[in-house]
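# Results of the structural survey
Read off the chains here:
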Amino acid sequence: MKLLVTGASGYIGGSVTQKLRDAGHEVLGLVRSEEKARQVEDRGIEPIIGTLDDSAILADAARRADGVINTASSDHRGAVEALVTALERSGKPLIHTSGSSIVCDDALGDSENPAIYNEDTYLEPVPMRQARVAIDRYVREAGISKGIRAVVICPTMVYGTGRGLQSDSDQVPKLTLRSKERGAGLYIGKGINRWSNVYIDDLVDLYLLVLEKAPAASFFFAENGEASLREVAESVSRFLGYGGRMETWDAKDAIAQYGDWARFALASNSRVRAGNARRLGWSPHGPTLAEAVERQL
Ligand SMILES: NC(=O)c1ccc[n+]([C@@H]2O[C@H](COP(=O)([O-])OP(=O)(O)OC[C@H]3O[C@@H](n4cnc5c(N)ncnc54)[C@H](OP(=O)(O)O)[C@@H]3O)[C@@H](O)[C@H]2O)c1
């Protein structure tokens, strides 16, 4: 197949792209600069230079492709609308990437939320995530009413070394950076808040399985485990050679530095179970987050 991948130079998109190439697919990769274009071209990807705001470029590339995988942003409604419009009545697959902070709370690290979500659990997102949830619903609705095999993959905290140009994920690398400054693994508040997590290679396998088999309008959480942020901090500490030494990171300081991201990606609970993915035949087998962080896998 020929697939258009947005975010082809990023962590998830680059890793997905690499696997698609390994499986013999052609890839058109959306990139934002000439430099990135050259870099992805070296990896066997046909670069499409543009941004998520360039609806005409997106639409043209989507029509040239047999399917689209959108990993550049979970929050760019305009790009998703442009892709849906371009693919209407084509029957082609459209995989949109969401993120499991759609189920997060506002715990500031101080409580473990017993709520564990599956794909059918009623969801009332925090205000900051309402727009993301609306995009997910729009994509699934396109799978019902617009003749597109449109589906959503919703990864949790992704960990492990990526296979594309960008090898680092989001939460663990940022925590590692700040932990280096303090000489201790950091967590916010008491650090007893919990996040589900997923190993990058397993997540990539899910994209390929969903591309092949997922019915229109389906939704897939992606997780293969769960840890408290204190446990994550302990692994970071061990990796950095601090022997498991940990410190709390004041929520106000973290939010001053990283804004709402710190609040909802580090200090919240986001606990899900990937039932739909497993029913589709997904069988994650990668290292746990602790193993991957401590051994840099
Ligand atoms: N990593 C995680 O743990 C995780 C978990 C759940 C959900 N997600 C979501 O999944 C998405 C991708 O995450 P990631 O970790 O792969 O991020 P990433 O490494 O930052 O990659 C994002 C990619 O998208 C491109 N991009 C961003 N904005 C763009 C725009 N306006 N126009 C064109 N290209 C654009 C970037 O291009 P440049 O190379 O030019 O910057 C980069 O290639 C994000 O929405 C994120 O919230 C991530």
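Note that the structure is a prediction, hence the values are computed from the model and not measured. (Residues numbered from 1 in each chain as written. Predicted model: local features only at pLDDT ≥ 70, side-chain atom pairs only at ≥ 80, totals over all residues. Heavy atoms only, no water.)

## As for the overall build of the protein
Secondary structure summary: the protein contains twelve helices and twelve strands in total. Summarising its shape, the C-alpha atoms of the protein cover approximately 55 × 45 × 35 Å along the three principal directions. Of all intrachain contacts in the protein linking residues separated by at least 6 positions in sequence, the fraction that spans at least 24 positions is 79%. Carbon and sulfur atoms make up 46% of the accessible area of the protein, which amounts to about 12,300 Å² in all. Separation between the mean location of the 36 positive side-chain charges and that of the 40 negative ones in the protein comes to 1 Å. (Helix = DSSP H or I, 4+ residues; strand = E, 2+ residues; numbered from the N terminus. Contact = heavy atoms within 4.5 Å. Areas by Shrake-Rupley, 256 points an atom, 1.4 Å probe, with all protein chains shown as cover. Lys, Arg positive; Asp, Glu negative; His and termini not counted. Charge placed at Lys NZ, Arg CZ, Asp CG, Glu CD.)

## Structural notes on the confidence of the model for the protein
Per-residue pLDDT for the protein averages 97, and the proportion of residues at 70 or more is 100%. Confidence scores differ between elements of the protein, with helix α9 (residues 251-258) showing the lowest mean pLDDT of 95 and strand β5 (residues 93-97) the highest of 99. (pLDDT = per-residue confidence, 0-100.)

## Quick word on the environment of V210
Structurally, V210 can be placed in helix α7 (residues 200-213). With 70 residues separating them in the primary sequence, V210 and L280 have C-alpha atoms 8.0 Å apart. Ignoring anything within four residues of it in the chain, the contact list for V210 reads I95, R149, V151, I153, F220 and L280.

## A look at the side chain of N269
Relative to the helices and strands, N269 resides in the loop between α10 (260-266) and α11 (275-280). Assessed through its relative accessible area of 2%, N269 is described here as buried. At a separation of 2.9 Å, a polar atom in the side chain of N269 contacts the main-chain carbonyl oxygen of S111. Residue contacts for N269: discarding those within four places in its chain leaves V103, C104, D105, A107, S111, E112, N113, N193, R194 and W195. (Buried < 20%, exposed > 50% of the residue type's maximum accessible area, 1.4 Å probe, protein only. Polar contact = N/O pair within 3.5 Å; in protein donor to acceptor, adjacent residues only side chain to side chain.)

## Here's the deal with the nonpolar core
In this structure, L20, L203, V210 and F221 are the most contacted members of the largest nonpolar core, which totals 92 residues. In terms of residue count, α7 provides more of this core than any other element does, nine residues in total. (Core = buried A, V, L, I, M, F, W, Y, C linked by side-chain atoms within 4.5 Å.)

## Thoughts on unusual backbone geometry
Despite not being glycine, A217 shows a phi value in the positive range, around 75°. In this fold, A217 is placed in the loop between α7 and β10 (219-222).

## Concerning the sheet that holds strand β9 (residues 194-199)
Spatially, the three strands line up as an open sheet ordered β7-β9-β11, and their pairing is mixed. Looking at strand neighbours, the two that pair on one side only are β7 (157-159) and β11 (225-228), the edges of this open sheet. Sheet twist, expressed as the mean angle between neighbouring strand axes with direction ignored, is 40°. The pairing of β7 with β9 spans three bridges and is classified as parallel. By the bridge assignment, M157 is partnered in β9 with N197. (Pairing = 2+ DSSP bridges. Axes fitted to C-alpha atoms, helices over the stretch in contact; angles between N-to-C directions.)

## Concerning the environment of D168
Along the polypeptide, D168 turns up in the loop between β7 and α6 (171-182). Considered as a pair, D168 and V210 are 42 residues apart in the sequence and their alpha carbons are 24 Å apart. Each residue touching D168, except ones within four places of it in the same chain, is listed here: Y11 and P173.

## With respect to the pairing of strand β8 (residues 185-188)
Burial along β8 is two-sided: G185 and Y187 and L186 and I188, pointing in opposite directions, are all buried. Pairing between β8 and strand β12 (residues 246-249): four bridges, direction parallel. Each residue of the ladder has a partner; that of Y187, found in β12, is T248.

## Digging into the site of the ligand
Taken together, 25 residues sit near the ligand, with S9, Y11, I12, K36 and S74 positioned nearest. Contact between the ligand and G10: an oxygen atom at 2.9 Å from a main-chain N or O atom of the residue. In isolation the ligand offers 900 Å² of accessible surface; the protein chains occlude 78% of this area. Among the residues making up the shell around the ligand, the classes are represented as seven nonpolar, 14 polar and four charged. (Near = heavy atom within 4 Å. Nonpolar A, V, L, I, M, F, W, Y, C, P; charged D, E, K, R; others polar.)

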